[in-house]
Amino acid sequence: MNKRLELPKKSFWSPASALKYLVKKPVTIRVPKTYREASPRYRGFHVNDWDKCVGCGTCAEVCPTDAIHMVEFEEIPTEPGKRNWRPAIDYGRCSFCALCVDVCTTGSLQMTREYIHISRDPNTFFFVPNEKGIHSVEYPVGYERDEDSDLLDLDRVEMPVIEPQERVTSFIEMVRGYSKEQAIAEASRCVECELCRSACPAQMHIPQYIHQIWKDNLDEGLRYLYKTNPLPEVCGRVCTHKCETACSIGHRGEPVAIRWLKRYIADSVPLERYHEILDAKPVKPAGKSVGVIGSGPAGLSAAYYLVLMGYDVTIYEAKSRPGGVMRYGIPRYRLPDDVLDKDIAFIESLGVRFVMNTKVGVDITLSELKQRHDAIVLAVGFTKGRSTKVPGSDHPMVLQALPLLEKIRDYLRGDAPKPAVTDDVVVIGGGNVAMDIARSVARLQKQEYGKVSVKVACLESEKEMPADKEEIEEALEEGVEIHPTWGPRQFLVENGELKGVELKRCIRVFDEKGKFNPIYNENERKTLTASMVIEAIGQAPDYSLLPDEICQKLDFVGARLLTDEYGQTSIPWLFAAGDIVHGPDIIHAIEDGHRAAKGVDTFLTGGNANE
Amino acid sequence: MKEFELFFGPNHPGMHGNFSVHLRVDGDTVVKAKPVPGFLHRGFEKLMERRLWIQNLALIPRICVPEPDINEMVYAMAVEKIAGIEVPEKAHWIRTLILELGRIAAHLFSIGGIGGATGLYTFPYWATADRDSVLDIFEHISGARIYHMYIIIGGVRKDLPEGIDSLIRETMDYLESRIPEYIDLVMKNRIIQTRLRGKLVLTREMCEEMCITGVGLRATGVDYDIRKYDPYAAYEWVDFDIPVGEDGDAFTRGYLKLLEIQQSIRIIRQVLDKMPKKGPVNVKLPGNALKWRIPPGEAYAHVESSRGEYGYYVVSTGETTPYRVHVRGASYPQGLYGIEKYLPGTRIEDVPLWLGTMDVCPPEIDR
Ligand SMILES: Cc1cc2nc3c(=O)[nH]c(=O)nc-3n(C[C@H](O)[C@H](O)[C@H](O)COP(=O)(O)OP(=O)(O)OC[C@H]3O[C@@H](n4cnc5c(N)ncnc54)[C@H](O)[C@@H]3O)c2cc1C
Ligand code: SF4
Ligand code: SF4
Ligand code: SF4
C-alpha cells in the first residue's frame with residue numbers, strides 16, 4: 001500500500017468557490033448586544049436557599065480550590081442540627097467544578113446559568129450566595145445535583161437483626177451489631193460536620209469517634225466516648241439518639257447510624273484493655289468523700305467523674321443489682337445484662353464502692369449519710385408507676401408496667417420465678433415503656449401459649465405517639481395490636497373477674513399551646529377484651545427518703561427538683577441528677593451526673609461551678 | 001557571519017502556551033535550540049498528592065487545555081484498575097463519545113494553529129469557530145465548555161441530557177461538510193505546500209529513538225493507535241480506520257489530523273447508534289466522596305490522545321489521596337529532546353511549525 005498521502009485534484013473553479021462564504025451566516029455573535037443563553041446544565045454562579053441550608057460546611061470541605069469560607073450570620077436562628085453559617089465563595093479561586101453542589105447535604109446549593117461578572121472591585125468577587133444570585137437578577141437554574149452525580153452515600157448500612165418470628169420466642173438481643181467492615185462503611189458516610197453534637201445532651205464527640213472507626217483506631221475512639229459518657233455499651237444500644245435526628249445526612253438520606261457506631265466501639269474493645277487505653281486514674285486523692293444515692297445512669301455517671309477527680313465515692317442502691325432502669329426497666333432483648341455489667345465493672349474498677357440492698361430512708365437515713373460524706377448526690381429516678389385511676393383500676397389484674405418489667409428481668413436473670421401473664425392482655429399507653437411491656441408480654445405469651453394477644457390502647461394518633469417509630473414497627477411485627485386515639489373509660493369487672501377495657505374516643509391530646517390536655521368524645525366507645533391490663537402511662541418520683549425539714553428547703557417544679565446548672569439544690573451539700581431533675585432519658589441522666597460531679601467538686605474545693 | 005540568540009516565547013504568537021525555546025541562529029538557520037520550560041509550573045503531580053481522589057477532578061483537566069478529557073480518562077482508568085472497579089457499559093460509550101469530541105476539538109485547534117504560523121489567517125478563524133460547535137456540545141453534556149470534569153472514577157458524572165443526540169448529529173454533519181473545504185483552503189494551498197511539504201521530517205527511527213507516538217509516528221507509516229492496540233472504553237465495539245502516511249513531514253502530520261477528524265465523526269455516529277438508552281452511568285464508591293479511599297496498589301493507564309500516547313501512573317497507599325501520580329505527556333519527547341536534537345539545521349520559521357504540528361504542550365513537560 002502506498003502510504004504517501006495524496007490530495008484530491010484541485011479544480012479549476014476552486015477559487016470561485018470562496019464566493020459562497022459571502023452569503024453564509026456568521027458563526028460569531030455581537031456581545032453585549034446579543035446575549036448567549038448558557039446550556040441547561042451550565043455551571044455558572046451559585047445560588048443558595050438559606051432556609052434549607054443548615055450551615056454544615058460540607059461544601060467548603062469538598063471544595064478543591066479552598067474557594068468556600070463559612071461565614072456566621074447572627075440574624076439566622078440556630079437550633080440543634082442547624083448552624084447560622086452560610087458559605088461564601090471567592091470567585092477568584094472557584095473553578096466552577098460544582099463538587100460543592102454535588103455534595104451539599106441539604107440540596108440548598110445550586111448553580112445558575114449566569115456567567116458574566118465584570119468589576120474593578122476585587123471584593124465583589126467574594127460573594128455569599130443566597131436565593132437571589134450574584135447580581136440579584138433571576139437566571140434559570142443551571143447545574144443541579146442528580147442521583148448520578150451525588151457525592152453523599154444516602155443509604156445506611158443495614159443493621160443485622162433477628163427476624164420477628166424468631167425473636168418473639170425469646171428475650172435474646174434483637175440487634176446484632178455491626179461487623180468491622182459494616183462499621184467502617186457506615187462511618188464513611190459521615191461528613192464530620194459536627195451538627196449532631198449540638199443535639200446530644202452530653203455533647204459527645206460524635207464526628208471524632210466516627211472518624212476513628214473509619215481509621216480503624218478503636219482505642220482512640222473509646223477515649224473519645226469516655227470524655228463525656230461512661231456508659232457507652234448502654235448508650236450504643238438504647239440511647240434515644242437525638243443526634244441522628246440532627247444529622248445532616250438525614251436531610252436527603254438516612255442519618256448516620258451514630259448509636260450503632262458507638263456500640264461498635266464499645267463492643268469491640270475488651271474490658272481488660274480499658275485501663276491501658278483510657279489511662280483513667282484519679283488525678284490526686286481529694287481527701288473528701290461523696291455519697292451517691294441511686295445507681296442508675298445519673299448516679300453512675302456522677303460517681304465515675306467524681307472518682308476520677310480524686311473523691312472517695314460510695315453509691316447506695318435499694319436494689320440488689322446496680323443500674324437502675326437499665327437493669328430493671330429496659331427489656332433484655334434491647335439491653336442484655338452482660339453489656340451493662342461491662343460498663344459498670346469499669347466504673348467499679350476505678351474504686352467506686354457499691355452498697356447494695358440499702359434503701360435510703362428505710363435502711364439508713366439521709367442525715368446518717370450526711371454524717372459519712374461531705375456531699376450527697378441524689379439520683380433516685382422515677383420509680384413509681386402512675387395509675388389511670390379509672391373505675392376498676394384497683395383490680396388485682398390491673399398492673400403497673402414498671403414492677404412487671406422488673407419481675408421479668410429478675411426472672412430472666414434467674415433471680416425470681418416466672419411472672420404470670422394471661423393470654424389476653426391490654427396495655428394502656430403510647431410511649432416507649434408501653435412498647436417495652438407490650439413486647440415483653442408478647443414474648444412470655446408466645447412461650448406460654450404459643451401465640452401473642454397484646455393490645456395497646458393510647459390517646460395519641462399514630463403520628464403523635466411518643467414511642468419511637470422503630471419501637472412501634474417492631475412491636476407490630478411481633479404481633480402486638482395498636483389502637484391509637486382511644487383512652488380508657490373503665491376496666492370491666494364481672495363477678496370480681498377482669499373482663500376487658502371500655503375505651504372512649506380521644507379527639508385531641510394536646511391543646512393549642514401544645515400542653516397535654518385531652519378531649520374525649522364520650523359517646524364513641526369500644527371494648528377490648530382482657531384478662532390482664534397493664535398501665536404504662538408514666539412514672540413518678542418517690543421522695544419518701546427526704547425528711548420533711550429537707551423537703552421544705554428544696555424547690556420543686558412539678559415532680560422535679562430545681563437545681564442550678566451544676567445540679568446543686570438549695571441545700572448546698574445536696575446535689576441532684578437524672579430523672580428527678582431533667583429526664584427523660586439515659587443520656588440526659590449521664591450529662592446531669594457529669595455536671596453534678598463538677599458541681600460537687602466546685603463546692604468541696606470552695607469555688608463556684610458557675611464561674 | 002555572527003550568531004544571534006533569539007528567545008522564542010514564552011510570549012510569541014507562534015508559541016504554544018507558556019513555554020520558551022532559546023535559539024542560536026546564524027542568519028535564518030537554527031544552530032542551537034534549547035527548550036526552556038518552567039513558566040507554567042503549578043506542580044500538578046505534587047498537588048494531586050494533597051487532594052482527595054474526587055478533588056483532583058478539578059485539577060487534572062488543566063494539564064491540557066485543548067484536550068482536557070484524556071486526563072480525566074486516564075486518571076479514572078488507573079484508579080479503576082487499582083480498585084478493581086467495573087465501569088457500567090453505558091459509561092464506556094459515553095466516555096468514547098467524550099474522548100472523540102475532544103479529539104475533534106483538539107485537532108481543529110491544532111491544525112488551525114498551523115495557519116497562525118504560516119500567515120494563513122482564515123484557517124485559525126475557521127477552525128476555532130468550528131471547534132466552538134464542539135464546545136457547545138460539551139457545555140450541554142457537562143455544564144462547561146473547556147474543563148468538563150465529567151469523566152469520574154467509576155463512570156461519568158451524569159447521564160447525557162435529553163435531546164443531545166440531534167445536536168451531536170447535526171454538528172457532525174456540519175463538520176463533515178467542512179473537511180473538503182479545509183482541504184481546498186489549506187491543504188492544497190500553495191503556502192502550506194511550500195512551508196510544510198518535506199519539512200521537519202521525523203523518520204521512523206527518530207520516533208522510535210524518542211518514543212514519539214501519535215500522528216508523528218503514524219506519519220512514518222506505522223499504524224500504532226492505542227484505541228486499536230489496547231482498546232479501552234467502547235473502541236472495541238466500533239469500526240474505524242487509522243489513517244497513516246509515509247513522508248513523515250509536517251504536511252503529513254497536519255493532513256492526518258484532518259483525516260482523523262473524519263474517523264472520529266464515524267465513531268461518534270456509531271456511538272449514538274449503538275449506545276444503550278438506559279442503564280447506570282457510574283458505580284459509586286462506598287461512603288461519601290470526602291472519605292473515598294482507594295485500596296493500595298499501582299497502575300498505569302494510557303489512551304490515544306490527539307497527540308499520541310497519554311498516560312497516568314497512579315500509586316495508592318489506601319489513603320484518601322493518591323500517593324503519587326506521574327503524567328506521561330504525549331508531547332514530552334518531541335517537546336524536550338526533539339527540540340534540542342533536531343531543530344538545529346532548520347530555519348527560524350520552521351520552529352513554530354515543529355511546535356505546532358507536533359503539538360508541543362507545555363503542561364505535559366511542566367507538570
Ligand atoms: C421501661 C423504661 C424504658 C426506658 N427506655 C429507655 C431507653 O431505651 N433509652 C433511654 O435513654 N431511656 C430510657 N428510659 C428512661 C431512662 O431509663 C431514665 O431516664 C434513666 O434511667 C434515669 O436515670 P436515673 O439515674 O435518674 O434513674 P434510674 O435509672 O431510675 O435509677 C434510680 C436508681 O435509684 C434507686 N433508688 C431509688 N430510690 C432509692 C433510695 N431511696 N435508696 C437507694 N436507692 C434508691 C433505684 O433503685 C434505681 O436503681 C426508660 C425508662 C423506662 C421506665
Ligand atoms: S464550584 Fe468547585 S471550586 Fe467553586 S466553590 Fe464549588 S467546590 Fe469550590
Ligand atoms: S453543604 Fe449545603 S447545607 Fe451544608 S453549608 Fe454548604 S450549602 Fe449549606
Ligand atoms: S453523624 Fe451526621 S451530623 Fe454528625 S458529624 Fe457525621 S454527618 Fe455530621
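Note that the structure is predicted; figures quoted are calculated from it, not measured. (Residues numbered from 1 in each chain as written. Chains lettered and ligands numbered in written order. Predicted model: local features only at pLDDT ≥ 70, side-chain atom pairs only at ≥ 80, totals over all residues. Heavy atoms only, no water.)

Topic: the site of ligand 1
All names here are of chain A.
Item 1. Around ligand 1, the structure places 35 residues, and the nearest of them are V238, E317, R334, D579 and I586.
Item 2. The contact in question runs from an oxygen atom of ligand 1 to an N or O atom on the backbone of V325, over 3.0 Å.
Item 3. Take I586: an N or O atom from its main chain is 2.9 Å from an oxygen atom of ligand 1.
Item 4. Considered on its own, ligand 1 offers 1,000 Å² of accessible surface; in the complex 95% of this is hidden by protein.
Item 5. The set of elements that each furnish at least two residues to the shell around ligand 1 consists of α12 (297–308), α16 (401–413), α17 (432–449) and α20 (586–604).
Item 6. Looking at side-chain class alone, the shell around ligand 1 contains 18 nonpolar, 10 polar and seven charged residues.
Item 7. Counting contributing residues per domain, the shell around ligand 1 is built from domain 3 (283–383 + 540–605) and domain 4 (387–537), each supplying no fewer than three. (Near = heavy atom within 4 Å. Polar contact = N/O pair within 3.5 Å; in protein donor to acceptor, adjacent residues only side chain to side chain. Areas by Shrake-Rupley, 256 points an atom, 1.4 Å probe, with all protein chains shown as cover. Helix = DSSP H or I, 4+ residues; strand = E, 2+ residues; numbered from the N terminus. Nonpolar A, V, L, I, M, F, W, Y, C, P; charged D, E, K, R; others polar. Domains from an automatic or database assignment.)

Structural notes on the interface of chain B and chain A
Item 1. Residue-level contacts link 55 residues of chain B with 52 residues of chain A.
Item 2. Summing both sides of the interface, chain B and chain A together bury roughly 4,200 Å²; the carbon and sulfur share of this comes to 52%.
Item 3. The largest per-residue losses of area from chain B upon contact with chain A belong to B:R157, B:K158 and B:K291, which jointly make up 18% of the total buried on that side.
Item 4. The tally of links from chain B across to chain A stands at six salt bridges.
Item 5. A salt bridge links B:R157 to A:D102, with the shortest nitrogen-to-oxygen separation between them at 2.9 Å. (Contact = heavy atoms within 4.5 Å. Buried area = accessible area lost by both parts, 1.4 Å probe. Salt bridge = Lys/Arg side-chain N within 4 Å of Asp/Glu carboxyl O.)

Side note on unusual backbone geometry
All names here are of chain A.
Item 1. In this structure, P32 follows V31 across a cis peptide bond, with omega equal to 5°.
Item 2. Mapped onto the secondary structure, P32 falls in the loop between α1 (14–17) and β1 (46–48).
Item 3. Here G583 and P584 are connected by a cis peptide whose omega angle stands at -5°.
Item 4. Inspection of the secondary structure puts P584 in the loop between β22 (574–576) and α20.
Item 5. You will see that S136, though not glycine, has its phi angle at about 55°, which is positive.

So, α17(A)
Given 3.6 residues to a turn, an α-helix orients residues that are three or four positions apart in the same direction.
All names here are of chain A.
Item 1. Along its 18 residues, α17 runs 25 Å from first to last C-alpha, staying within 8% of the 26 Å computed at 1.5 Å per residue.
Item 2. For α17, the full list of buried residues reads A434, M435, D436, I437, A438, R439, S440, V441, A442, R443, L444 and Q445.
Item 3. Count one or two residues on from α17 and you reach G450, which has phi positive near 80°. (Expected span 1.5 Å × (residues − 1). Buried < 20%, exposed > 50% of the residue type's maximum accessible area, 1.4 Å probe, protein only.)

Details of the site of ligand 4
Item 1. Close contacts around ligand 4 come from 13 residues, with A:C190, A:C193, A:E194, A:C196 and A:C247 the closest.
Item 2. Taken together, the residues that form the shell around ligand 4 break down as 10 nonpolar, one polar and two charged.

Considerations on the sheet that holds strand β18 (residues 532–535) of chain A
Either a parallel or an antiparallel arrangement is found when strands of a sheet pair, and the pairing is made through backbone hydrogen bonds.
Residues and elements named next belong to chain A.
Item 1. Across the sheet, five strands lie side by side as β11-β18-β12-β13-β14; this open sheet has parallel pairing. Taken across any chain shown, the strands that pair with only one partner, and hence form the sheet edges, are β11 (398–400) and β14 (481–484). Strand after strand, the sheet turns through a mean of 25° between neighbouring axes, direction not considered.
Item 2. Sheet topology places strand β12 (residues 425–428) next to β18; four bridges connect them, and they run parallel. Within β18, the position partnered with I428 by the bridge is E535.
Item 3. Against the sheet, α16 contacts β11 and β18, and its axis sits at roughly 75° relative to β11.
Item 4. In the packing of α17 onto the sheet, the strands contacted are β12, β13 (454–458), β14 and β18, and the crossing angle to β13 comes to about 165°. (Pairing = 2+ DSSP bridges. Axes fitted to C-alpha atoms, helices over the stretch in contact; angles between N-to-C directions.)

Focus on the packing of helix α6 (residues 164–187) of chain B against helix α11 (residues 250–274) of chain B
Each pair of packed helices can be summarised by the angle the axes make with each other and by the distance between the axes.
Residues and elements named next belong to chain B.
Item 1. With their axes 10 Å apart at the nearest point, α6 and α11 run at an angle of 160° to one another. Between α6 and α11, the interaxial angle falls into the category roughly antiparallel. You can see that α6 and α11 cross each other, and the crossing is left-handed. Across the interface between the two elements, D165, I168, R169, M172, D173, L175, E176, I179, Y182, I183 and M187 from α6 touch F251, G254, Y255, L258, I261, Q262, I265, I268, R269, L272 and D273 from α11.
Item 2. Residue composition of the contact of α6 with α11, grouped by class: 14 nonpolar, two polar and six charged. (Parallel < 35°, antiparallel > 145°, perpendicular 65-115°, else oblique. Left-handed = near helix turned anticlockwise from the far one by under 90°.)

Things to note about the environment of A:I571
Residues and elements named next belong to chain A.
Item 1. Position of I571 among the secondary structure elements: in the loop between β21 (560–561) and β22.
Item 2. Separated by 18 residues in sequence, I571 and K553 place their C-alpha atoms 7.0 Å apart.
Item 3. When near neighbours in sequence (up to four residues on either side) are disregarded, I571 contacts I550, K553 and L554.

A short note on the sheet that holds strand β5 (residues 126–127) of chain A
Residue and element names in this part refer to chain A.
Item 1. Ordered in space as β2-β3-β5, the three strands form an open sheet in which the pairing is antiparallel. A single partner strand is all that each edge strand has here, and the edge strands are β2 (68–72) and β5.
Item 2. For strand β3 (residues 85–90) and β5, the ladder comprises two bridges, and the chain directions are antiparallel. Paired with I89 across the two strands is F127, which belongs to β5.

Quick look at the pattern of salt bridges
Item 1. Under the defined criterion, the tally for this structure stands at 81 salt bridges over all chains.
Item 2. We note a salt bridge from A:K359 to A:D542, for which the minimum N-O separation is 3.8 Å. Of this pair, A:K359 sits in the loop between β8 (353–355) and α15 (366–372) while A:D542 sits in the loop between β19 (539–540) and α19 (548–553), and the two are 183 residues apart along the sequence.
Item 3. With a closest N to O distance of 2.9 Å, B:K188 and B:D184 form a salt bridge.
Item 4. For B:K188, a relative accessible area of 12% corresponds to the buried category.
Item 5. The class for B:D184 is partly exposed, based on a relative accessible area of 34%.
Item 6. Through salt bridges with shared partners, a single ionic network connects A:R167, A:R334, A:D436, A:R439, A:R443, A:E471, A:E474, A:E477 and A:E478.

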